[in-house]
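For reference, the chains in residue letters:
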Amino acid sequence: MLLAIDTATQWMSLALHDGRQIDYEATWRTHNNHTVELTPAIRTALQTTGRSIRDLSAIAVAQGPGSFTGLRIGLGVAKGLALAQRVPLVAIPTLDILAAGVPPLGSTLLAIIQVGRGRICAQPFHWARDRWTDAGPAQITDWAQLLEQVEGETLFAGEIDAAGRALLDATDRPVRIAPGVFALRRAGMLAELAWDRVEAGETDDPARVTPIYLHQPGVPHP
């Protein structure tokens with residue numbers, strides 16, 4: 001049984017995957033309560049499915065980008081469980097998880113998460129060989145700057161706030177907003193991606209895996 005943990009932003013998500021299907025999944029918005037909510041949520045997931053910690057055979061975690069506190073807590077718990085239970089750990093970039101849940105409603109996707117202080121983190125993906133493949137690095141920007149970079153038809157998905165939606169609705173650039181059901185970052189998708197890596201033997205060393213930060217925590221991005 002693989003446990004998937006995503007605490008990269010204010011949207012938290014957990015899933016249990018048995019190799020064939022998702023046995024449990026929960027996604028909710030937290031108000032910076034990652035520390036007090038994560039462990040009880042894992043306990044609930046295991047109790048609901050009649051499992052215990054000893055049934056876990058692998059751990060998956062969202063690696064970032066994301067909030068400093070959220071990533072630190074999620075990775076800390078994931079690494080601790082992997083070491084204590086002596087099971088493989090797989091860390092997956094946050095925006096890869098988001099993109100994996102979006103259907104091919106176009107050939108270009110911008111996956112987006114909120115990073116605070118009016119800033120967003122966005123990464124482009126292209127549809128190729130039945131999957132979204134990253135087409136460039138993630139970057140911290142704002143809505144106005146991101147829209148200036150749009151040239152061809154582009155699908156936006158992820159954490160689009162009211163300010164972003166207003167700009168996207170008003171722009172004359174060729175943009176489209178993914179339906180809300182596909183904009184939610186789900187631990188079920190993290191579990192699917194991680195299971196493939198476990199099967200391929202492509203796991204991470206819990207002692208060495210680190211969060212992906214796009215700038216030094218606590219230092220304002222220019």
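To be clear, the structure that these remarks concern was listed above.
Residues numbered from 1 in each chain as written. Predicted model: local features only at pLDDT ≥ 70, side-chain atom pairs only at ≥ 80, totals over all residues. Heavy atoms only, no water.

1. Topic: the packing of aromatic side chains
Next up, step 1: Scanning the model with the defined rule gives 2 aromatic pairs in all.
Next up, step 2: Seen from their ring centres, Phe68 and Tyr213 are 5.6 Å apart, and the 40 degrees between their planes marks the pair as tilted. Here the residue Phe68 occupies a position in helix 2 (residues 68-85), and Tyr213 occupies one in the segment after helix 7 (187-199), the gap between them amounting to 145 residues.
Next up, step 3: On the basis of relative accessible area, Tyr213 is assigned to the partly exposed category, the value being 29%.
Next up, step 4: Both rings, one in Trp127 and one in Trp132, keep their centres 5.1 Å apart while their planes meet at 75 degrees; by these two values the pair is edge-to-face.
Next up, step 5: Judged by relative accessible area, which is 7%, Trp132 ranks as buried. (Phe/Tyr/Trp six-rings, centres within 6.5 Å; stacked < 30°, edge-to-face > 60°. Helix = DSSP H or I, 4+ residues; strand = E, 2+ residues; numbered from the N terminus. Buried < 20%, exposed > 50% of the residue type's maximum accessible area, 1.4 Å probe, protein only.)

2. Remarks on the pairing of strand 2 (residues 11-17)
Next up, step 1: Counting buried positions over the 7 residues of strand 2 gives 6, a clear majority of the element.
Next up, step 2: Sheet topology note: the strand 1 (residues 2-6)/strand 2 ladder contains 5 bridges and is antiparallel. Bridge pairing in strand 2 places Leu2 opposite His17.
Next up, step 3: If you look at the hairpin formed by strand 1 and strand 2, you'll find 4 residues sitting between the two strands.
Next up, step 4: Both strand 2 and strand 3 (residues 22-29) contribute to a ladder of 7 bridges, which runs antiparallel. Its bridge partner being in strand 3, Met12 is matched across the sheet by Trp28.
Next up, step 5: In this structure, the hairpin formed by strand 2 and strand 3 is closed by a connection of 4 residues, where Gly19 is found at a positive phi of approximately 100 degrees. (Pairing = 2+ DSSP bridges.)

In short, shape yes, function no, at least from these values alone.
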